[in-house]
Amino acid sequence: MRKIVITTLLSLFFSLSAFGMKVFDMEEIRDPGTLQIKVLQDWHKVQGPIATRQKLVTINVGDLWPGQEYRVPVRMVAPANRKAKGFHLTGGSTPSRLGKDARPNPTERELLEGGVGLVVTVVQEPGTYGQRALSEASEKRFAETLNPRFKIQYWAWPATLMRAITTAYAEKDHFEKGKVAASGGSKNGASPSMAILHDERMTAVHATVSPIWDSPLRLNDEKAWNELRAQPGRKGGFTGGHFGPNFNERVLDAGGTWIELQNFAREVSDQVFISRNLKALRKRGVDMLFHPGTHDFVAFDMAWGGKHHPTIPVYLGANSGHGKRGHPKIERDQQNKAGFMLKHFFPDEVKGDLLAPPQVKSELKGKTLKVSVSFAPGSGEESGRIWWIFDRAPDGSPNYMSEMIPDNQTMEMKKHGDQWSATIELDPKAKRIDFFSNHRKTLRYKESSYRTYISSPYTRVPLKE
């Protein structure tokens, strides 16, 4: 009887956390005493292009609901001859891969040589590693309650990254506090982007094909959804959602209402989106760079984001996104992640700064559109290329994802003084045009060069009433 009462009270507590309370209990997150660590491989030396010390454990991230723990493996990598000060963090692995000693790539070797560690864990759908029943139970509970604690995407994955930080810093003989930069793509881009809002131990995020901002579709705005439903394409027509794959239909099928979905989006969004926390992140000095993709089903709202959040640094690879091959002219030499990580951890040793988002202006002149892009004086940008597409389908629609920027709708820009400019010949039948430009800057660390790129804000210009 006592057990039933306790379970009921815990369920009530977790359900109350959906609205008006924090998704994360940061005291719980930072408590190493609750990790319930199981050592799979104790600290041991690993030889290779660079010698390291490594340890593999599993930890209890926490309970998804009373009695249901969420466990993941964590591999920690430190330099062979000293403590790691801070580390690069990612969830982009699997339990089977983590069972093998890490073989650092060239950028990771540079970090380790500079005294920065590596921490790798698992941010993946549990069904992919044999826990499909847990995944299905989680989805069912969330659909019935709209409690973010039950949703692996909202709670377990970001919590995994934060608990991995707690795990590493508990290894006091191998790690000391320093910068923590997280990176990854898709769920491994979204999870650190959410975690960094809550955990001030995190100092940088580099995220690809993942959400950034709170556009109308994400907030279940009825006008935006009516426009989407009117679009041609496959049934349903929308795989994106509030912060990842769409769950609206499952909630409605479980007895939820559209108003409840709107309330959920409104209540939880401050704890989810980078765009709602820019002031606080910048006050903390957090470094950020995002690669949302121009044709991605999770980052499906480029025009809205470019208009409302032009200062968020993004690189837009033309025709990129989940499963996309990219435009023939896409920047194949792009080394943003390596340049970003090295600059974050070794700011005084890397020559050059990453480019900040430029300002963009456009002017209709007869049958052409003149575009000018300007950076702050002394930015040192080395190139400019513009891309455009006419009458792009609305956000999230099948055609938004499938209709690519044509091969011939790109050109190099010309620099005049402090501005890069281009004149686009307009399609006389077009009602609007979307465009953005990409600009290169080369950073140098030791004897190596790193080509980095930044985009101008994605811009939509109406051409006809």
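Below, the structure is looked at part by part. It should be emphasised that the depicted structure is a prediction, and the values quoted were computed from it without experimental measurement. (Residues numbered from 1 in each chain as written. Predicted model: local features only at pLDDT ≥ 70, side-chain atom pairs only at ≥ 80, totals over all residues. Heavy atoms only, no water.)

**Thoughts on the pattern of salt bridges**
Applying the stated criterion across every chain yields a total of 19 salt bridges. Across the pair arginine 149 and glutamate 28 runs a salt bridge whose closest N-O atoms are separated by 3.6 Å. In this pair, arginine 149 sits in the loop between α5 (132–145) and α6 (152–169) while glutamate 28 sits in helix α2 (residues 26–29), placing the two residues 121 residues apart along the sequence. Among the residues examined, arginine 149 registers a relative accessible area of 6% and is labelled buried. For the salt bridge of lysine 55 with aspartate 42, the shortest nitrogen-to-oxygen distance reads 3.9 Å. Here the residue lysine 55 occupies a position in strand β2 (residues 52–65), and aspartate 42 occupies one in strand β1 (residues 38–46), the gap between them amounting to 13 residues. (Salt bridge = Lys/Arg side-chain N within 4 Å of Asp/Glu carboxyl O. Helix = DSSP H or I, 4+ residues; strand = E, 2+ residues; numbered from the N terminus. Buried < 20%, exposed > 50% of the residue type's maximum accessible area, 1.4 Å probe, protein only.)

**Notes on the sheet that holds strand β10 (residues 359–365)**
With antiparallel pairing, 4 strands are arranged side by side in an open sheet as β10-β11-β15-β14. Unpaired on one side and paired on the other, β10 and β14 (414–416) mark the two borders of the sheet. Averaged over all adjacent pairs, the angle separating strand axes in this sheet is 25 degrees, with direction ignored. Here β14 runs beside strand β15 (residues 419–425); their pairing, made up of 3 bridges, is antiparallel. Along β15, the bridge assignment pairs lysine 414 with serine 421. (Pairing = 2+ DSSP bridges. Axes fitted to C-alpha atoms, helices over the stretch in contact; angles between N-to-C directions.)

**Notes on the packing of aromatic side chains**
As enumerated under the stated definition, the model contains 17 aromatic pairs in all. Where phenylalanine 87 meets tyrosine 169, the ring centres are 5.4 Å apart and the plane angle is 65 degrees; that geometry is what we call edge-to-face. Linking phenylalanine 87 in strand β4 (residues 84–90) with tyrosine 169 in helix α6, this pair joins segments that are 82 residues apart in sequence. Taking 5.7 Å as the distance between ring centres and 85 degrees as the angle between the ring planes, the aromatic pair formed by phenylalanine 243 and phenylalanine 273 counts as edge-to-face. Residue phenylalanine 243 is located in the loop between α8 (222–229) and α9 (248–253), and its partner phenylalanine 273 is located in the loop between α10 (258–268) and α11 (278–284); the two are separated by 30 residues in the primary sequence. (Phe/Tyr/Trp six-rings, centres within 6.5 Å; stacked < 30°, edge-to-face > 60°.)

**Considerations on the environment of glutamate 125**
Following the sequence through the fold, glutamate 125 ends up in the loop between β5 (117–121) and α5. Judged by its relative accessible area of 29%, glutamate 125 is partly exposed. Between the alpha carbons of glutamate 125 and isoleucine 152 there is a distance of 8.3 Å; along the sequence they are 27 residues apart. For glutamate 125, the residues in contact, after removing those within four places along its chain, are Ser135, Trp157 and Lys187. (Contact = heavy atoms within 4.5 Å.)

**Considerations on the packing of helix α4 (residues 106–113) against helix α13 (residues 336–345)**
Across the interface, α4 lies against α13 with an axial gap of 10 Å and an inter-helix angle of 5 degrees. Our classification of the angle between α4 and α13 gives roughly parallel. Contacts from Thr107, Glu110 and Leu111 of α4 reach α13 at Ala338, Met341, Leu342 and Phe345. (Parallel < 35°, antiparallel > 145°, perpendicular 65-115°, else oblique.)

**With respect to the pairing of strand β18 (residues 459–462)**
Along β18, the buried face is formed by Thr459 and Val461; none of Arg460 and Pro462, which line the opposite face, is buried. Looking at chain direction, strand β16 (residues 432–445) and β18 are connected through 4 bridges and run antiparallel. Across the sheet, residue isoleucine 433 finds its bridge partner in β18, namely valine 461.

**A look at unusual backbone geometry**
Even without being glycine, leucine 146 reaches a positive phi, approximately 55 degrees. One non-glycine residue, aspartate 391, adopts positive backbone phi at about 50 degrees. Among the residues examined, aspartate 391 registers a relative accessible area of 35% and is labelled partly exposed.

**Some points on a positive patch on the surface**
Residues Arg30, Lys83, Lys172 and Lys177 make up a contiguous surface patch of positive charge. Position of arginine 30 relative to the elements: it lies in the loop between α2 and β1. (Patch = residues over 30% accessible without salt bridge, like charges linked within 9 Å, V, L, I, M, F, W, Y side chains within 5 Å. Areas by Shrake-Rupley, 256 points an atom, 1.4 Å probe, with all protein chains shown as cover. Lys, Arg positive; Asp, Glu negative; His and termini not counted. Charge placed at Lys NZ, Arg CZ, Asp CG, Glu CD.)

**Here's the deal with the sheet that holds strand β8 (residues 287–291)**
Spatial strand order, β1-β2-β3-β5-β4-β6-β7-β8: 8 strands in an open sheet with mixed pairing. Lying at the two open borders of the sheet, with one neighbouring strand each, are β1 and β8. Averaged over all pairs of adjacent strands, the angle between strand axes in this sheet comes to 20 degrees, irrespective of strand direction. When strand β7 (residues 204–208) meets β8, the two strands line up parallel, connected through 5 bridges. Counterpart to valine 205 in the pairing with β8 is methionine 288. Contacts from α4 reach β2, β3 (68–79), β4 and β5 within the one sheet, and its direction differs from that of β5 by about 130 degrees. In this fold α13 packs onto β4, β6 (175–185), β7 and β8, with an angle of close to 160 degrees to the strand it touches most, β6.

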